[in-house]
Amino acid sequence: MLYSYSYSSRELGREKLQSPFQSLLFSPCKLQTLQSSYGNRDFWGFNFHSQNLAKSLNCTFRLTLSSSKIDKSLGRNAYSHTQKQRLNPRGARVFPGFKLQCHSRTVALPTKTSISRRKKKYSGVLPSILRALESENNIEDTLSSCGKLSPKEQTVILKEQSSWERVLRVFEWIKSQEDYVPNVIHYNVVLRVLGRAQKWDELRLCWIEMAKNGVLPTNNTYGMLVDVYGKAGLVKEALLWIKHMKLRGVFPDEVTMNTVVRVLKDAGEFDWADRFYRDWCVGKVELGDFDLESVADSDDEIGSAPVSLKHFLSTELFKIGGRRPISNIMDSSNTDGSRRKPRLTATYNTLIDLYGKAGRLKDAADVFAEMLKLGVAMDTITFNTMIYTCGSHGHLSEAETLLTEMEERGISPDTKTYNIFLSLYADGGNIDAALKCYRKIREVGLFPDVVTHRAVLHVLCERNMVGEVETVIAEMKRSRVRVDEHSIPVVIKMYVNEGLLDKAKIFLEEHLLEDELSSRTRVAIIDAYAEKGLWAEAENVFIGKRDSGQKKDVVEYNVMVKAYGKAKLYDKAFSLFKGMRNHGTWPNESTYNSLIQMFSGGDLVDEARDILAEMQKMGFKPQCLTFSAVIACYARLGRLPDAVGVYEEMVRLGVKPNEVVYGSLINGFSETGNVEEALCYFRKMDEFGISANQIVLTSLIKAYSKVGCLEGAKTLYEGMKDLEGGPDIVASNSMINLYADLGLVSEAKLIFDDLRQKGSADGVSFATMMYLYKNLGMLDEAIDVADEMKQSGLLRDCASFNKVMACYATNGQLSACGELLHEMISRRILPDTGTFKVMFTVLKKGGLPTEAVTQLESSYQEGKPYARQAVITSVFSTVGLHAFALESCETFLNAEVDLDSSFYNVAIYAYGASGSIDKALKMFMKMQDEGLEPDLVTYINLAGCYGKAGMLEGLKRIYSQLKYREIEPNESLFKAIIDAYRSAKRHDLAELVSQEMKFAFDTTMLPL
């Protein structure tokens, strides 16, 4: 699967606890709806009509916030859509909020501000020692020159080291001092550093050494170990430390409990996190029936964990460690059986997030209420967590109210607060409000962070808001903030979607100058181009400059194969595949699957079959999707024996076929009318327990239709009516077609009328009914269907136009045919063989001389340049659409090609029919200038022109040539001269020629 960049709300709400070991992750739940509705809804958990909750809290919440406070909080007019006012019984406007008037013992509710994360300032000799250590590589000599250090000073020096290697060197020096007494604080610092660096072997040795020196692990030790293992994604091992802790008789304090709950929460084990917390509250630690094997670590690759689960339980890492006498594993401080309550803000923050992630909104609200009841200090993280929990579950109005409450308590929103609102509004489609949140960050004296920029760019790029994106990037440049690597593919994709390829190229080049892109970023960029078929641009990124030693990842090759495949450059894709090994990258299963599906989609089934064989040779087991692509291609090409061979191979390999496989085989045999084979695979499909879907049943109906088996088709069609949605349009059309072939008008009309009533009749439905009516001589009904089809906008392709034109031609509506032909050409739908067949019918029915039609047919079949245009011109002239005819005529007359007499004949006819006799005669003279002799069709067309212009001398010349056999006697020419004399009001001459024609043909018919 290709890597794709997206920015989720989870990242926007990520916070860290003010504890050495803990961090808080906000819920990634998708926002269901952000459109607040105040109707009769109260904030869950704080409904002042709830007597139970009011009783448990012994306090009352008054909902008295005004809209001005909310506007003041976010400075927004754009947010007004979420602030729909409602009237209370007295008519006053009130808003959901948290204005608290408490009658419990807690008179003042404390708040807690975030601890500054600036580096600590130390006094005494520590600053000079730390500076010396930073500038010197010889740690041991530097420390030895500092004199005797107190244990506290040693701890500070350990904490301030920049790498785990330096920490170990400092620790070794400390232990080498004569008066050193091992203490747990030093070991905790070292274990934490090693855990964060994921140096598990070194951590194990440190733990063993700690046990040998008789240093007993404390709650801080266990909490820290759970924390570092959990953050590394090693959830099973993190929880085993709690088992170790329990066996050693150490009961978790609140910090450790909070860490365990957080690890379980982040692993998605919400119920167990809640259970662990509730057990802790009553002085118990129970993990006995918890299946640790069921917990999925975030990284299951071989060698990623320090030891396997079973190995972990049996090694010295778990077995050793200071042991206290185990007389009671219950909490010694909780001997009276009373329920203990957490007192730390961080714990409540974790619990709120836990219940929010689990979708237990009432429990999250109860935890928040518990903080109020117990007087636990709230901080920014508390409100951020509650805001996200509310907003991400569709309660945006409550989230806004919490922001106001937050400010009233003197807790200032931070950048993450605004990030959360930015994400919530964006997810709800309120882009103006999201952008206002972004601008508000600077207005209140804060600074956008990498999460802010990533989120706002994603929001804008997703909607292709180019101007706004460029404004944000310009602001970032002025602040000397670089676009985050995760956002680069998103911006480029926006430019590509908008066709701004030059801007995409410049943007990428600017960032390549600053830093090297990771492989997965390149993959996302290549894929953005590939999706639009821009293989050359994708190729430039693929082969572009990169750091020496950085080889292309297999996923880059896979997505480049996709780019070539979309552009149908199969040779390039195959060449890339063959050459990737030479560059140190071996194809994986996805590479083979992509190639097989690409070749199959391009009907290059033999190449696909070869790749399938190579895939198996390399030890990969093809999945059903891979086999189905090859089978479908064979079936589509009519190579059914090969399709069956692949099917038998996949069954032999133990790959279970799916409905696509059976559908392809059944449809393939149905197309050839092989009902027996189609039914055979239908039965096999049933044996595998796969229910037949509409596609399969439709294919069987098609098979029955091919052989004219009405009963079988009717049975299946009736059965499809019981399926959800009923028969699809293909099945219905197949039945109409079958009835049409059998001449069953009423049955076909019944299905057709049902389709029309449902609005699902398509071009095939109309065309089939026209075919039925026309074949039965029901021309009026056929024309009605044709008119309806035209008015319904179903003339979308050449085939549909041909059907309607044929129907009009049969009924003699030649002008309507010409109009449809012009509409077809105007919509850039190229006429095909069927269209020209109808056109020649129109020419014959329109009275064009047989010799002229034959001449046009000959030019068309020979494929002469502009022969198609000449036919179209003739049709327009014949049906009286002279403006279209002359426009079409200009096309071939202005072409820089040598034209033969047939083209001049068409031009003379078109100009003459339109009344432009001068142009017709000029065209005749040009024909002679080109050295072309007039033929029979030329004289026929000239006769028409002379007659319309009353040019009797011209008619007499042609008649004289005909009379004296200079022109071979021809019935069409005689008729043309007769019609011409009549047009010139010389009926006497017309009668004379008519008598001459009878005499000429009677003479030719006398026996020799």
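These numbers come from a predicted model, not from an experiment.

Counting its regular elements, the protein contains 53 helices and six strands. Taking all 1008 residues of the protein together, 50% fall into the buried category. Within the protein, counting contacts between residues at least 6 apart in sequence, those at least 24 apart form 66% of the total. Accessible surface, the protein: about 47800 Å² in total, of which carbon and sulfur atoms supply 50%.

Its location among the elements puts Asp-279 in helix H13 (residues 270-281). The class for Asp-279 is buried, based on a relative accessible area of 10%. Setting aside anything within four residues of it in sequence, one finds Asp-279 in contact with Lys-284 and Glu-286.

The next subject is helix H17 (residues 361-374). For H17, with 14 residues, the first-to-last C-alpha span of 20 Å sits near the 20 Å given by 1.5 Å per residue. Among all positions of H17, only Leu-361, Ala-364, Ala-365, Val-367, Phe-368, Ala-369, Glu-370, Met-371 and Leu-372 are buried. Once H17 ends, the next one or two residues include Gly-375, with phi positive near 75 degrees.

Per-residue pLDDT for the protein has a mean of 80; in total, 82% of the residues score no lower than 70. Here residues 1-109 is modelled with pLDDT under 50, and outside its nearest four sequence neighbours on either side it reaches 302 contacts, counting other chains as well.

Taking 1.5 Å of rise per residue, 13 residues should cover 18 Å, and helix H48 (residues 901-913) covers 18 Å from first to last C-alpha, within 8% of that figure. Of all the 13 residues making up H48, twelve are buried; the element is thus mostly covered by neighbouring parts of the structure. Taken as a whole, H48 has its buried residues at Ser-901, Ser-902, Phe-903, Tyr-904, Asn-905, Val-906, Ala-907, Ile-908, Tyr-909, Ala-910, Tyr-911 and Gly-912. Buried-residue contacts for H48 involve helix H45 (850-862), helix H46 (867-878), helix H47 (882-893), helix H49 (917-929) and helix H50 (936-949). Immediately downstream of H48, the backbone of Gly-915 shows phi near 90 degrees, a positive value.

Applying the stated rule across the entire model yields 24 aromatic pairs. Ring geometry for Phe-840 versus Tyr-860: centroids 5.9 Å apart, planes at 65 degrees, classification edge-to-face. Here Phe-840, found in helix H44 (residues 833-845), pairs with Tyr-860, found in helix H45; they are 20 residues apart in sequence, far enough to count as distant. This pair shows no difference in class: Phe-840 is buried, exactly as Tyr-860 is. In this structure an aromatic cluster arises from ring pairing among Tyr-570, Phe-574, Phe-577, Tyr-592, Phe-599 and Phe-620.

Scanning all chains against the criterion turns up 42 salt bridges. Across the pair Asp-179 and Lys-148 runs a salt bridge, and its minimum N-O distance is 3.3 Å. One end of the pair, Asp-179, is in the loop between helix H7 (164-175) and helix H8 (184-196); the other, Lys-148, is in the loop between helix H5 (139-144) and helix H6 (151-159), with 31 residues separating them in the sequence. Residues Lys-265 and Asp-353 are paired through a salt bridge, measuring 2.9 Å at the closest nitrogen-oxygen approach. Taken together, the residues span a long stretch of sequence, with Lys-265 in helix H12 (residues 254-266) and Asp-353 in helix H16 (residues 345-357) at a distance of 88 residues. Given the relative accessible area of 1%, Lys-265 is considered buried. Among the charged side chains, a network of salt bridges with common partners joins Asp-227, Lys-231, Arg-262, Lys-265, Asp-266, Asp-353 and Lys-357.

Non-glycine residue Lys-568 carries a positive phi angle of around 60 degrees. Positionally, Lys-568 belongs in the loop between helix H28 (554-566) and helix H29 (570-579). Unusually for a residue other than glycine, Arg-828 sits at a positive phi of about 60 degrees. Topologically, Arg-828 is positioned in the loop between helix H43 (814-826) and H44. When its relative accessible area of 77% is taken as the criterion, Arg-828 is described as exposed.

Reading guide: rules and limits
- Residues numbered from 1 in each chain as written.
- Predicted model: local features only at pLDDT ≥ 70, side-chain atom pairs only at ≥ 80, totals over all residues.
- Heavy atoms only, no water.
- Helix = DSSP H or I, 4+ residues; strand = E, 2+ residues; numbered from the N terminus.
- Buried < 20%, exposed > 50% of the residue type's maximum accessible area, 1.4 Å probe, protein only.
- Contact = heavy atoms within 4.5 Å.
- Areas by Shrake-Rupley, 256 points an atom, 1.4 Å probe, with all protein chains shown as cover.
- Expected span 1.5 Å × (residues − 1).
- pLDDT = per-residue confidence, 0-100.
- Phe/Tyr/Trp six-rings, centres within 6.5 Å; stacked < 30°, edge-to-face > 60°.
- Salt bridge = Lys/Arg side-chain N within 4 Å of Asp/Glu carboxyl O.

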